[in-house]
Amino acid sequence: MKLYLRTGEGLPEADGKAKEQLSVCILIGNTGIIFIMPTVVVMDVSLSMTRPVSIEGSEEYQRKHLAAHGLTMLFEHMATNYKLEFTALVVFSSLWELMVPFTRDYNTLQEALSNMDDYDKTCLESALVGVCNIVQQEWGGAIPCQVVLVTDGCLGIGRGSLRHSLATQNQRSESNRFPLPFPFPSKLYIMCMANLEELQSTDSLECLERLIDLNNGEGQIFTIDGPLCLKNVQSMFGKLIDLAYTPFHAVLKCGHLTADVQVFPRPEPFVVDEEIDPIPKVINTDLEIVGFIDIADISSPPVLSRHLVLPIALNKEGDEVGTGITDDNEDENSANQIAGKIPNFCVLLHGSLKVEGMVAIVQLGPEWHGMLYSQADSKKKSNLMMSLFEPGPEPLPWLGKMAQLGPISDAKENPYGEDDNKSPFPLQPKNKRSYAQNVTVWIKPSGLQTDVQKILRNARKLPEKTQTFYKELNRLRKAALAFGFLDLLKGVADMLERECTLLPETAHPDAAFQLTHAAQQLKLASTGTSEYAAYDQNITPLHTDFSGSSTERI
Amino acid sequence: MKIFSESHKTVFVVDHCPYMAESCRQHVEFDMLVKNRTQGIIPLAPISKSLWTCSVESSMEYCRIMYDIFPFKKLVNFIVSDSGAHVLNSWTQEDQNLQELMAALAAVGPPNPRADPECCSILHGLVAAVETLCKITEYQHEARTLLMENAERVGNRGRIICITNAKSDSHVRMLEDCVQETIHEHNKLAANSDHLMQIQKCELVLIHTYPVGEDSLVSDRSKKELSPVLTSEVHSVRAGRHLATKLNILVQQHFDLASTTITNIPMKEEQHANTSANYDVELLHHKDAHVDFLKSGGGSREGSFKETITLKWCTPRTNNIELHYCTGAYRISPVDVNSRPSSCLTNFLLNGRSVLLEQPRKSGSKVISHMLSSHGGEIFLHVLSSSRSILEDPPSISEGCGGRVTDYRITDFGEFMRENRLTPFLDPRYKIDGSLEVPLERAKDQLEKHTRYWPMIISQTTIFNMQAVVPLASVIVKESLTEEDVLNCQKTIYNLVDMERKNDPLPISTVGTRGKGPKRDEQYRIMWNELETLVRAHINNSEKHQRVLECLMACRSKPPEEEERKKRGRKREDKEDKSEKAVKDYEQEKSWQDSERLKGILERGKEELAEAEIIKDSPDSPEPPNKKPLVEMDETPQVEKSKGPVSLLSLWSNRINTANSRKHQEFAGRLNSVNNRAELYQHLKEENGMETTENGKASRQ
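Residues numbered from 1 in each chain as written. Chains lettered and ligands numbered in written order. Predicted model: local features only at pLDDT ≥ 70, side-chain atom pairs only at ≥ 80, totals over all residues. Heavy atoms only, no water.

An unreviewed UniProt entry lists chain A under the name Integrator complex subunit 14, with Homo sapiens given as the organism. Database annotation for chain A, UniProt heading Sequence similarities (unreviewed entry): "Belongs to the Integrator subunit 14 family." (UniProt positions renumbered as here; feature names shortened; annotations may be inferred.)

Pasting the structure below:
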């Protein structure tokens, strides 16, 4: 007895139904395009942030003003260079509050900055728990996030203070585990509204360093160099921007066809094996296309990350003029319009990839590749995307080694066929997997019983089923020999002998001969003597004189 | 993830001593009689497996799952131990498959119950296991060679799984001590050897197995560190299916596996095609395929391996031309490989179909989180990103740089991509100098050649819009040409000459130009120039490419006789047509000039106005084709002079031309032209002297 998948093409009558069902439209999780690396700004609004900063000859500033100044700078930078980034703003003291949920509207964020009240004491742990919840609710556990924590280095007192949290960090149950490391890929940047000396005078710096350590070292602490003033805050945030918010510019190349592009979000360095090769790999700024492959052949490959590839117009000095994305600003508008009308390789590539249903394989570095393809959202807007494969000589087993991929013109005959009706992919592995090679497993009695039944079923249809009968018999014989299960061979031999006696009178005389022969051979094998129990030797059908017997084909 | 963790090397040591021939005392009914035939027949007595059979089939199942999920870089060395150690295979990748192991086990056969128990011991096998762990694998060797001075980064760790029947806890202690001692000795040996490696870490997993119904003489013990190098754990397990279950749990622990049950798979039986039922199939795979469940606190507790995550079969299947965003793909192995539902599912997938899997939810929207798909006979569980379903708003490519340009050569580039598709070259190839040729570098070379001259938009090119040029354009980019290719190129060129002679229209784009665009002879100039650019880009490929260029240069130049004839003709007909022609040309030229200044646009639509702006605004956009020849005019005559003998074709076409020219009166402008350009307003020049030099501007004064 065989089972067929009901929706499959195993049975003809199933076809019609299956096709009808195909018209049902469903929402697949990945239709929402996610190419973002969201940022959560976590702002300390405890009372200590209102401590005044003495600046000679000017009006009095508080630390929170400095913080707001720095964040304004960050938001402005992102509004110009990271238009597609999502940012959320959380404020905290002993409680925390999500002031602005993830947004691309930097005006809203800016407004929120200027409307912050002052609250009680610092309680960092609960705020970090809050960040976990917000990010996981919005993005799940796979999207990398940057957390920018702005604080003055006063870490609270008593219960809920960072010192207390760290001291009790090892005594947690699963339900109230310490929020670090974040349950998603993350960077934790701590912006201190204090200088190094001030932090070192207490154990604040140590505690903050512990936080980074707890986040598996992912992150960094920034302090103000020199006296606390607007200028030095600016330079501190400048360093953060350089580190984490610099746009990634690259040149996309296909032979002599090139385009300047911004890759968004920035591709992160990747460590393949921390033991053998601990140096993180960084992608080239030259993205070189090496060839093309059909989407059906590349077949939804696993990727580390995916990125928008946005063509950019560079002026003579190499500064970015714009991505050509329309903007409110009038000056930019005309510049963008010009850029929009200059032919760009990205647009050509995107159009053809989309029409042909292909991807371009792109080299990202030594033994590191990715693919470029057209990605459409539900509104029929589409764009050029790049996905990064895992670094290594063979990121996708079904393509084989990347270095061994060459141009079809080097092949003796076109591997895609003259009518484009075949493909050299997928590559077949040397050894088949267990489910593709009819292995014998007798761990459950049903496995053994099925195999014995198969022999028996064919035995009753001898001599028509002579071939299958011996095939199944030999399969059982091999397994029994390998497992040292000689009793089984004897048992099956007995069974075949009994079958012989049960043959109806109408049975073909050959049936009896074959059954007896098979039983005899099994008995010999069950002795385990090397002469009859050789693994590679098969039991072959008995040669008989009955004309038209299928055995002669052996 | 570390490549050279403990799971890189697994040594199985299976006891082959006489007591392992003992029955496991768990019966298997193998004679299942079919109902209507059973009258009066007593089924054959059930049989039972020996301890040996149970051990071997359980360890084979361990290997089956491991090889399915990690066909590379996870290696097994199989040793059986009786009066000595029999090492059944090596660390080499070729030895790593079930067939090899099964054949080797068959050669060993079951233990001989009549052998002398005194000279048999599991110790032989354990010593051999330590020895084999010191042996370097091809992967370790490769990594060490690659790392050069950092070779010490390559670790040597391993695991010994020993299945035996121990006598007591102290017997177990003795086995552990022996392994400890042997590691110590062999590490000393390995320190002085180039092809052996010291064992940094060894995990000893001792499995004591005994017949069902007996009391165990050995107690379980969880993992314990015996020395910095050796940890050991003891499992006391009844034989039969209990042993198989234990090894199944161990393989999941050792290789970080997790289980997924696909539920609601609709199947129908062959005999009853009308009825159908839903089946479940359990699969094992690397636990990273559950990364989303684990992180979102779905709560799989440590150490509990019974847990399986259920995913629902999704009916509308996905087609393979859709590119899913997949964050991971993990090989699977069915838990119950030969069961009918399992093989039904795997065969379905092996036939090249994919199926989406959704998370079972009581309410709310469907969340599709995984996909099962086979690639070349291997089945993978793909993890699809499902974290945020809000539709984001990415910019469209049409809003960015180059997004407003509408005449990209999309179809041509599609053809280009198809020609530059990749294919695997599995056999190494060598260059002429004997060095290894990297196919991927060849692919890059080809892209370089194919893009030397590749205009991106239709209005930038003439030749790529002409069917007649295809035979040349498709072969000239090749690294080398055959005689036939050269012939085809020459034919193409002759064909173009013929077209020019017949005055066939050319597909020159009028986008961005006003009036009727450049005149016919001007169009041909543009076409020839462009063709020359293409051919010149490849002349260094080979001598045959050079020949194509020679042919091109010879053909595009007018034979001298014709020039002569034209000159003579001009003088003769000059006066006859002068006034009439001048008026006509003046009208044409005037409208041309006006539109150039964006004045004579009344008859044009707004679209064309916009196109005019393209020219004005963007320096990189295609130059109006009528500008080009002005620059190149000086060069052409030189080329002509340097040309050698006239080709047979041009001789012949000249003859035909002459013959034809007798049948009609030649257009005055053409007759008077120099290099196919006719000078206009010559009468003005004659009348006013030097003033009318520039394109008849003076005429409007």
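Further notes follow.
Asker: Sorry, what's going on with the overall build of chain A here?
Answerer: Regarding its fold elements, chain A presents 15 helices and 19 strands. Counting every position in chain A, which comprises 554 residues, the buried fraction comes to 54%. Restricting to contacts in chain A with at least 6 residues of sequence separation, those with at least 24 account for 68%. Counting every atom, chain A has about 24,000 Å² of accessible surface; 51% of that belongs to carbon and sulfur. (Helix = DSSP H or I, 4+ residues; strand = E, 2+ residues; numbered from the N terminus. Buried < 20%, exposed > 50% of the residue type's maximum accessible area, 1.4 Å probe, protein only. Contact = heavy atoms within 4.5 Å. Areas by Shrake-Rupley, 256 points an atom, 1.4 Å probe, with all protein chains shown as cover.)

Asker: Looking at this model, I keep getting lost on the overall build of chain B. Mind explaining?
Answerer: Counting its regular elements, chain B contains 21 helices and 19 strands. With 701 residues in all, chain B has 51% of them scored as buried. Considering only residue pairs separated by 6 or more positions, chain B has 73% of its internal contacts joining residues 24 or more positions apart. For chain B, the exposed surface amounts to about 34,100 Å²; the carbon and sulfur share of it is 51%.

Asker: Help me out: how do you make sense of the packing of helix α11 (residues 345-356) of chain A against helix α9 (residues 410-419) of chain B in this one?
Answerer: Two quantities define a packed helix pair, namely the angle between the axes and the distance from one axis to the other. Where α11 of chain A contacts α9 of chain B, the axes come no closer than 8 Å and their chain directions differ by 70 degrees. Our classification of the angle between α11 of chain A and α9 of chain B gives roughly perpendicular. For the pair α11 of chain A and α9 of chain B, contact is made by F345, V347, L348, L349, G351, S352, L353, V355 and E356 of chain A and by I410, F413, G414, E415, M417 and R418 of chain B, respectively. Per-class residue counts for the contact of α11 of chain A with α9 of chain B are nine nonpolar, three polar and three charged. (Axes fitted to C-alpha atoms, helices over the stretch in contact; angles between N-to-C directions. Parallel < 35°, antiparallel > 145°, perpendicular 65-115°, else oblique. Nonpolar A, V, L, I, M, F, W, Y, C, P; charged D, E, K, R; others polar.)

Asker: For this particular structure, what's the right way to read the confidence of the model for chain B?
Answerer: Close reading of the predicted structure is inappropriate where its pLDDT is low. Looking at chain B, pLDDT values average 81 and 76% of them are 70 or higher. The low-confidence segment residues 572-643 of chain B, where pLDDT is below 50, has 80 contacts with residues more than four positions distant or belonging to other chains. (pLDDT = per-residue confidence, 0-100.)

Asker: Sorry if this is basic, but what is going on with the interface of chain B and chain A here?
Answerer: It is common to report an interface's size as the accessible area lost on association of the parts. If you look at the interface, chain B gives 153 residues, while chain A gives 164 residues. Across the interface of chain B and chain A, roughly 14,600 Å² is buried in total on both sides, 62% from carbon and sulfur atoms. For the pair chain B and chain A, the number of links is ten salt bridges. At the junction of chain B with chain A, the criterion picks out 41 residue pairs in polar contact (both at pLDDT 80 or more). (Buried area = accessible area lost by both parts, 1.4 Å probe. Salt bridge = Lys/Arg side-chain N within 4 Å of Asp/Glu carboxyl O. Polar contact = N/O pair within 3.5 Å; in protein donor to acceptor, adjacent residues only side chain to side chain.)

Asker: Please explain the pattern of salt bridges as it appears in this structure.
Answerer: Side-chain pairs of opposite charge can arise where the charged atoms are in close proximity. Per the stated rule, a full pass over the model turns up 46 salt bridges over all chains. Linking E472 of chain A and R475 of chain A is a salt bridge whose minimum nitrogen-to-oxygen distance equals 3.3 Å. In this pair, E472 of chain A and R475 of chain A both sit in helix α13 (residues 466-482), three residues apart, roughly one turn of the helix. The exposure classification of E472 of chain A matches that of R475 of chain A, with both residues buried. Among the salt bridges present, the one from R159 of chain B reaches E203 of chain B, with a minimum N-O distance of 3.1 Å. Linking R159 of chain B in strand β6 (residues 157-164) with E203 of chain B in strand β7 (residues 201-210), this pair joins segments that are 44 residues apart in sequence. We note that R159 of chain B, like E203 of chain B, is buried. Among the charged side chains, a network of salt bridges with common partners joins R51, R63, D152 and E198 of chain A.

Asker: Before we go on, may I ask you to explain the packing of aromatic side chains in this structure?
Answerer: The geometry of two aromatic rings is summed up by the distance between their centres and the angle between their planes. Scanning the model with the defined rule gives 19 aromatic pairs over all chains in all. Ring geometry for F292 of chain A against F413 of chain B: centres 6.2 Å apart, planes inclined by 90 degrees, an arrangement best described as edge-to-face. Separated into two different chains, F292 of chain A in strand β12 (residues 286-294) and F413 of chain B in helix α9 make up a pair that spans both. For the pair formed by F292 of chain A and F413 of chain B, the shared burial category is buried. Between W442 of chain A and F483 of chain A the ring centres are 5.9 Å apart and the planes differ by 75 degrees, which places this aromatic pair in the edge-to-face class. Of this pair, W442 of chain A sits in the loop between β19 (405-407) and α12 (445-459) while F483 of chain A sits in the loop between α13 and α14 (486-502), placing them 41 residues apart in sequence. A relative accessible area of 1% places W442 of chain A in the buried class. A relative accessible area of 2% means that F483 of chain A is categorised as buried. (Phe/Tyr/Trp six-rings, centres within 6.5 Å; stacked < 30°, edge-to-face > 60°.)

Asker: Mind showing me how you'd approach the pairing of strand β17 (residues 368-376) of chain A here?
Answerer: Residues in a regular strand point their side chains to alternate faces of the sheet. All names here are of chain A. Judged by how many residues are buried, β17 sits mostly within the fold: seven of nine residues are covered. Two strands pair when backbone bridges link them, and strand β16 (residues 358-365) and β17 are joined in this way by five bridges, in the antiparallel orientation. When the sheet's bridge partners are listed, A360 is paired in β17 with L372. The turn joining β16 and β17, which pair antiparallel and follow one another in sequence, is formed by two residues; a positive phi near 50 degrees is taken by E367. Inspection of the sheet shows β17 paired to strand β18 (residues 382-388) by seven bridges, in the antiparallel sense. (Pairing = 2+ DSSP bridges.)

Asker: Just to check I follow, could you spell out the nonpolar core for this structure?
Answerer: Side chains that are nonpolar tend, in soluble globular proteins, to be buried together. Formed by 103 residues in total, the largest nonpolar core has its most connected members in F469, L488 and L496 of chain A together with F78 and L372 of chain B. When residues of this core are assigned to their parent elements, the largest contribution, eleven residues, is made by helix α1 (residues 51-69) of chain B. When near neighbours in sequence (up to four residues on either side) are disregarded, L488 of chain A contacts W442, L448, L476 and A480 of chain A together with F30 and I47 of chain B. Core analysis: the next-biggest nonpolar cluster, separate from the first, contains 65 residues, L74, L109, Y245 and I295 of chain A among them. (Core = buried A, V, L, I, M, F, W, Y, C linked by side-chain atoms within 4.5 Å.)

Asker: For this particular structure, what's the right way to read the sheet that holds strand β9 (residues 230-238) of chain B?
Answerer: Note: strands within a sheet are paired through backbone hydrogen bonds, in either parallel or antiparallel orientation. Residues and elements named next belong to chain B. With mixed pairing, the seven strands of this open sheet are ordered in space as β5-β4-β1-β6-β7-β9-β8. Each edge of the open sheet is held by one strand with a lone partner, namely β5 (85-87) and β8 (221-225). Adjacent strand axes in the sheet meet at a mean angle of 20 degrees when their direction is disregarded. Note that strand β1 (residues 9-15) and β6 share five bridges and pair parallel. Along β6, the bridge assignment pairs V14 with I163.

Asker: What is the right way to look at helix α6 (residues 241-254) of chain B in this model?
Answerer: Side chains three or four residues apart in an α-helix point the same way, a direct result of the helix having 3.6 residues per turn. All names here are of chain B. Look at α6: 20 Å from first C-alpha to last across 14 residues, which is about the 20 Å you get at 1.5 Å a residue. For α6, the complete set of buried residues consists of L243, A244, L247, N248, L250, V251, Q252 and H254. D256 occupies a position one or two residues after α6 and carries a positive phi of about 50 degrees. (Expected span 1.5 Å × (residues − 1).)

Asker: Which parts of the structure should I look at to understand the confidence of the model for chain A?
Answerer: Residues and elements named next belong to chain A. On average, residues of chain A score 82 in pLDDT, and 86% of them are at 70 or above. Every residue in residues 8-35 is under pLDDT 50, and counting partners more than four places away or in other chains gives 65 contacts. This stretch, residues 549-554, has a pLDDT under 50; its non-local contacts, to residues over four places away or in other chains, come to 18 contacts.

Asker: Got a minute to help me understand α9 of chain B in this structure?
Answerer: All buried positions along α9 of chain B are accounted for by F413, G414, F416 and M417 of chain B. All buried residues of α9 of chain B project into a common sector of 160 degrees when viewed along the axis, lining one side. Buried positions along α9 of chain B lie against β10 (248-254), β11 (257-264), β12, α11 and β16 of chain A together with α10 (439-450) of chain B. (Arc of directions from axis to C-beta.)

Asker: Could you clarify how one ought to interpret the sheet that holds β11 of chain A in this entry?
Answerer: Reading around the circumference, β10-β11-β13-β18-β17-β16-β12 (chain A) is the order of the seven strands in this closed barrel, with mixed pairing throughout. Mean inter-strand twist for the sheet, computed between neighbouring axes without regard to direction, equals 40 degrees. Contacting β10, β11, β12 and β16 of chain A, α9 of chain B runs over the sheet at an angle of about 85 degrees to β12 of chain A. Across the face of the sheet, α10 of chain B comes into contact with β10, β12, β16 and β17 of chain A while running at roughly 100 degrees to β12 of chain A.

Asker: How do you make sense of the environment of L456 of chain A when you look at a structure like this?
Answerer: Residue and element names in this part refer to chain A. Mapped onto the fold, L456 is located in helix α12. For the pair L456 and K430, spaced 26 residues apart in sequence, the C-alpha separation works out to 33 Å. Not counting residues up to four positions away in its chain, the partners in contact with L456 are M495 and E499.

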